Amino acid sequence: MPTTRTLAMEPAPAWDAADRKLRAAFTAFAGEYAGFLDRGRTERLATVLLQRLAEKAGFVPLEKARGLKPGARVYAVNRGKNIVLAVIGREPLERGVNLIASHLDAPRIDLKPRPLFEDEELKMALLHTHYYGGVKKYQWASQPLGLFGTVVRRDGSAVDIAVGEQADDPCFVIPDLLPHLSRKEQGERKSAETIRGEELIIVCGGVPVGDREAKGRVKTAVLEHLHREYGMEEEDLVSAELEAVPLHPARFVGFDRAFLGGYGQDDKICSYTSVRAALDLRVPARTAVVLCVDKEEIGSEGNTGVQSSFLMNFLGDLLERADPKYHEKVLRRCLANSRCISADVNAAVEPNFKQVHELANAAKAGFGLVINDAKVPWQVAELGKVDEGGGGTVAKFLAEHGMDVIDCGPALLSMHSTFELVSVADLHATYRGYAAFLEKA
Ligand code: MN
Ligand code: MN
């Protein structure tokens, strides 16, 4: 008799599988992950943290690695904003790698090239900004922002700026209009324009220089501060990369701590869990590669996006170690034989806006991630109802190399907000799922 196999229509909550020990593991892992989110608020900071984690676990820069025997652990960093790790497998590289690719960039507020100005009437120093990635702009007002990044000075030397990292650092803010006066000015706008792009103006100073005759006394005082602290001039801001990001720490959410809230979880949750999975690998059958890129939120272009040649160059370097005269077609075969997880987040059904989801095909927080092996809770999902919107990942760019690519990641509530939520059960399931994939022969 032919039998019909049906898909389990109702995935089980990931918590059902959670015995006490596992639950303690969820909480402990979430605590470590929270520390990563708090210290890795930008793609640069996150890259440094992941590099440190890798080095602690015995990974060495590829150029310093001697032989590449099975079990060898190597990494490379691209322009301080990408990192790729590999654990060499027992099989030849030509048979392909198990690759997990995620992104480290997150929506944020960048400074414009000429950001600093003074409102002469208000005697206030302010910064013009340009948002990066898809944001609901009103969410960024009225909350403490830090300023992180790098400035290249006139002499060519670079200096890092990190204001807001320490508890006693000052912070920055985009002010919002009080409700008493916003009924007409903001109330009659469409919600996407509650705060418009050009209204994302950051307050950065209010103390004038002593010279009462001078013009722009507050701006001058801010420039003097920047010169004192960082040795920089106003024109250095043109080539600076400065990002304003939320400063609140990641925290557990709910009486039962079921969720973890924090900024930048799209997609640092996948970067962190995939790197942790790579660190815990012994000697895999196939070479395991974990790639964390930049620029996903704005189309994956540029020399730090997944469309750059960073991954190809890294794989080529690995092949060259095995055979200094390797031919490019070997690299192509390696790519075509590779399996890839495009590790990115999905949208969890929002309890207050269920109408944008089609529940049979939507992801629910606490129900695991999409993977069907290794006793990891999983579910299948599309992002939103048809015609409701959508989102992209790095998957298509990797599929172009002939790899088998699957999108696989946890679902977030309030995705792209300044405080995204993940179920700590899904966080741990993601780590276990990625570990199982990297180990897969
Ligand atoms: Mn993403
Ligand atoms: Mn995103």
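Criteria and thresholds
- Residues numbered from 1 in each chain as written.
- Chains lettered and ligands numbered in written order.
- Predicted model: local features only at pLDDT ≥ 70, side-chain atom pairs only at ≥ 80, totals over all residues.
- Heavy atoms only, no water.
- Helix = DSSP H or I, 4+ residues; strand = E, 2+ residues; numbered from the N terminus.
- Rg over C-alpha atoms; globule rule 2.2 N^0.38 Å.
- Buried < 20%, exposed > 50% of the residue type's maximum accessible area, 1.4 Å probe, protein only.
- Contact = heavy atoms within 4.5 Å.
- Areas by Shrake-Rupley, 256 points an atom, 1.4 Å probe, with all protein chains shown as cover.
- Lys, Arg positive; Asp, Glu negative; His and termini not counted.
- Charge placed at Lys NZ, Arg CZ, Asp CG, Glu CD.
- Donors = N, O, S within 2.8 Å, 3.2 Å for Na, K, Ca; no water.
- Polar contact = N/O pair within 3.5 Å; in protein donor to acceptor, adjacent residues only side chain to side chain.
- Pairing = 2+ DSSP bridges.
- Axes fitted to C-alpha atoms, helices over the stretch in contact; angles between N-to-C directions.
- Expected span 1.5 Å × (residues − 1).
- Patch = residues over 30% accessible without salt bridge, like charges linked within 9 Å, V, L, I, M, F, W, Y side chains within 5 Å.
- Salt bridge = Lys/Arg side-chain N within 4 Å of Asp/Glu carboxyl O.
- Arc of directions from axis to C-beta.
- Phe/Tyr/Trp six-rings, centres within 6.5 Å; stacked < 30°, edge-to-face > 60°.
- Lys NZ or Arg CZ within 6 Å of the ring centre and 35° of its normal.
- Core = buried A, V, L, I, M, F, W, Y, C linked by side-chain atoms within 4.5 Å.

Caption draft 1: Structural context of the overall build of the protein chain. The helix and strand inventory of the protein chain stands at nine helices and 18 strands. Computed over its C-alpha atoms, the radius of gyration of the protein chain comes to 24 Å, within 12% of the 22 Å expected for a compact globule of 441 residues. Put simply, the protein chain has 441 residues, and 49% of those count as buried. For the protein chain, restricting intrachain contacts to residue pairs at least 6 apart in sequence, the fraction spanning at least 24 positions comes to 73%. When the accessible surface of the protein chain is totalled, it reaches about 22300 Å², and 52% of it is carbon and sulfur. Here the protein chain contributes 55 positively and 62 negatively charged side chains, and the mean placements of these two sets differ by 5 Å.

Caption draft 2: Geometry of the coordination of the manganese ion (ligand 1). Of the protein atoms, only His103 (NE2), Asp266 (OD), Asp344 (OD) and Asp344 (OD) coordinate the manganese ion (ligand 1), at distances of 2.1 to 2.5 Å. Sequence spacing among the residues donating to the manganese ion (ligand 1) works out to H-x162-D-x77-D. The metal-metal distance between the manganese ion (ligand 1) and the manganese ion (ligand 2) is 3.4 Å, with Asp266 coordinating both. Of the two residues, His103 sits in strand 4 (residues 97-103) while Asp344 sits in the loop between strand 14 (339-342) and strand 15 (346-347), which places them 241 residues apart along the sequence.

Caption draft 3: Region of interest: the environment of Gln143. For Gln143, the position within the fold is in the loop between strand 6 (124-132) and strand 7 (145-152). Between the C-alpha atoms of Gln143 and Pro246, which are 103 residues apart in sequence, the distance is 7.2 Å. When neighbours within four sequence positions are excluded, Gln143 is seen to be in contact with Phe172, Val173, Pro246, His248 and Thr418. Looking at Gln143, its side chain comes within polar contact range of the side chain of Thr418, at 3.0 Å.

Caption draft 4: Spotlight on the coordination of the manganese ion (ligand 2). The coordination sphere of the manganese ion (ligand 2), as far as protein atoms go, consists of Asp266 (OD), Glu297 (OE), Glu297 (OE) and His416 (NE2), spread over 2.1 to 2.6 Å. In the primary structure, the donors to the manganese ion (ligand 2) are separated according to the pattern D-x30-E-x118-H. Judged by its relative accessible area of 19%, His416 is buried.

Caption draft 5: Here's a closer look at the sheet that holds strand 11 (residues 251-253). Here three strands make up an open sheet; going across it, the order is 11-12-18 and the pairing antiparallel. Looking at the sheet topology across the chains shown, the edges are occupied by strand 11 and strand 18 (420-423). Between one strand axis and the next, the sheet turns through 35° on average, direction left out of account. Packed onto the sheet, helix 1 (residues 20-39) meets strand 11 and strand 12 (259-262) and runs at close to 5° relative to strand 12. Of the strands in this sheet, strand 12 and strand 18 are in contact with helix 5 (residues 265-279), which crosses strand 18 at around 40°.

Caption draft 6: Examining helix 1 more closely. For helix 1, built from 20 residues, the straight-helix expectation of 28 Å at 1.5 Å per residue is met to within 8% by its first-to-last C-alpha distance of 29 Å. Against the buried residues of helix 1 lie helix 2 (43-56), strand 11, strand 12, helix 5 and helix 9 (424-439).

Caption draft 7: Spotlight on a nonpolar patch on the surface. Together, Leu177, Leu178 and Leu181 give the surface a local cluster of nonpolar side chains, amounting to about 260 Å² of exposed area. For Leu177, the position within the fold is in the loop between strand 8 (158-163) and helix 3 (179-185). Leu177 gets classed as partly exposed once you look at its relative accessible area, which sits at 33%.

Caption draft 8: Looking closely at the sheet that holds strand 16 (residues 404-407). The seven strands lie next to each other as 1-2-3-13-4-14-16, forming an open sheet whose pairing is mixed. Edge positions in the sheet fall to strand 1 (60-61) and strand 16, since each has one partner strand and no second. Pairing analysis gives four bridges linking strand 4 to strand 14, with the strands arranged parallel. Note on strand 14: the bridge partner recorded for Ala101 is Ser342.

Caption draft 9: Broad picture of helix 2. If you check helix 2, its first and last C-alpha atoms are 20 Å apart, about what 14 residues at 1.5 Å a residue would give, namely 20 Å. Regarding helix 2, the residues found buried are Glu43, Ala46, Thr47, Leu49, Leu50 and Ala54. End-on, the buried residues of helix 2 take up no more than an arc of 165°, which puts them together on one face. Facing away from the buried side of helix 2 by more than 90 degrees, the exposed set consists of Arg52 and Lys56.

Caption draft 10: Representation of the packing of aromatic side chains in the model. The tally for this structure, following the rule as stated, stands at five aromatic pairs. In textbook terms, an aromatic cluster arises when at least three aromatic residues are bridged by ring pairs, as seen for Phe29, Tyr33, Phe36, Tyr272 and Tyr431. A cation over a ring is seen here: Arg276 above Tyr431, with NZ or CZ 6.0 Å from the ring centre. Its guanidinium or amino end placed over the ring of Phe367, Lys364 lies 5.3 Å from that ring's centre, counting from NZ or CZ.

Caption draft 11: Representation of the pattern of salt bridges within the structure. For the structure on display, the rule yields 18 salt bridges. Lys123 serves as the salt-bridge partner of Glu120, at 3.1 Å between the closest nitrogen and oxygen. When its relative accessible area of 45% is taken as the criterion, Lys123 is described as partly exposed. We note a salt bridge from Glu199 to Arg189, for which the minimum N-O separation is 2.8 Å. With Glu199 in the loop between helix 3 and strand 9 (202-205) and Arg189 in the loop between helix 3 and strand 9, the pair connects residues that are 10 residues apart, well separated along the chain. Taken together, the shared-partner salt bridges in this structure form one network comprising Glu43, Arg108, Asp110 and Glu243.

Caption draft 12: Looking closely at the nonpolar core. Core analysis: the largest hydrophobic core is formed by 48 residues, its most contacted members being Tyr33, Leu85, Ile100, Leu260, Tyr434 and Leu438. Of all the elements in the fold, those that place two or more residues in this core are helix 1, helix 2, strand 3 (82-87), helix 5, strand 13 (287-293) and helix 9. Contact partners of Tyr33, with chain neighbours within four places excluded, come to Leu260, Gln265, Lys268, Ile269, Tyr272 and Leu427. Ile109, Val135, Leu145 and Leu226 belong to the second-largest nonpolar core, a separate cluster that totals 34 residues.

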